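# Architecture and fold: a report
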Amino acid sequence: MSDLIAVGFKNEMEADEVLQKLGRLQKSHLIDLEDAAVVIKDEKGKVRIKQAINLVAAGASSGGFWGALLGLLFLHPLLGLAAGAASGALSGALTDIGINDDFIKDLGKSLEPGASALFILVREATPDKVIAELEPFDGKILKTSLSKSDEDSLKAALGAASVAA
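Every value quoted in this text rests on a predicted model; they were computed, and no experiment measured them.

Definitions and limits used
As a convention, each chain's residues are numbered from 1 in the sequence order in which they are written. Confidence filtering applies because this is a predicted model: local features only for residues at pLDDT of at least 70, side-chain atom pairs given and counted only at 80 or more, and all residues used for totals across whole chains, interfaces and linings. With hydrogens and water set aside, each side-chain value is computed from the structure's full complement of heavy atoms. For this document, the term salt bridge refers to a Lys or Arg side-chain nitrogen within 4 Å of an Asp or Glu carboxyl oxygen. By definition, any uninterrupted DSSP run of H or I lasting at least four residues is a helix, any uninterrupted run of E lasting at least two residues is a strand, and each is numbered from the N terminus. Scored between 0 and 100, pLDDT is the confidence that the predictor attaches to each residue. Only heavy atoms matter for contacts: two residues are in contact if any of them lie within 4.5 Å across the pair. Note on pairing: two strands pair once DSSP finds at least 2 bridges between them. Axis definition: a line fit to C-alpha positions, over the contact stretch in the case of helices; interaxial angles, taken between N-to-C directions, run 0 to 180 degrees.

### As for the pattern of salt bridges
Following the criterion strictly, the structure yields five salt bridges and no others. Between Asp16 and Lys50 there is a salt bridge whose closest N-O contact spans 2.6 Å. In this pair, Asp16 sits in helix α1 (residues 14-27) while Lys50 sits in strand β3 (residues 47-51), placing the two residues 34 residues apart along the sequence. Among the charged side chains, a salt-bridge network with shared partners connects Asp32, Glu34 and Arg123.

Right under this line is the structure:
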């Protein structure tokens, strides 16, 4: 079962930096992310969500491939490609996998202007190594489904950054 972790940061860029760091850790097989999103609340109070996985683009490319393949069978590959891409994009736009978008929006509204938050859905991780890599970042846990001991370890690592500053 996956664990949800939402961490808030005091500036708009830090959540993106942490997500990039987690991407590098994922390439090293230290963490396996199922989904991720960054929420930014700008100085005017407008909330923007950046999803790590673009379902519309993924659906369009997959649908385009299958549409072209079917189109080849019926001697209309371009028509099949267009119809497949359109239907794939539509299904991608209507699909919501991973972290619930309404949850992300609601928690994003509670951020201070000029702040950001990172939402990650973790399938598997090597906690001691991942937490050590996240120590330089100054974040505050907003929501989590981690066990109490894992949550305390993450809080201590994130708190160490604010004590050092």
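Here the narrative resumes, following the displayed structure.
### Concerning the confidence of the model for the protein
On average, residues of the protein score 74 in pLDDT, and 64% of them are at 70 or above. The element-level mean pLDDT for the protein is lowest in helix α2 (residues 55-73), coming to 57, with α1 highest at 88. The low-confidence segment residues 161-165 (pLDDT under 50) makes five contacts with residues lying over four places distant or belonging to another chain.

### A word on the sheet that holds strand β2 (residues 31-41)
In sheet architecture, strand pairing relies on hydrogen bonds along the backbone and comes in two forms, parallel and antiparallel. The strand order across the open sheet built from five strands is β3-β2-β4-β1-β5, with neighbouring strands paired in antiparallel fashion. Two strands lie at the open edges of the sheet, namely β3 and β5 (139-144), each paired on one side alone. Going from strand to strand, the sheet's axes swing by 20° on average, the running direction of each strand aside. Where strand β1 (residues 3-9) lies against β5, five bridges are found, and the strand directions are antiparallel.

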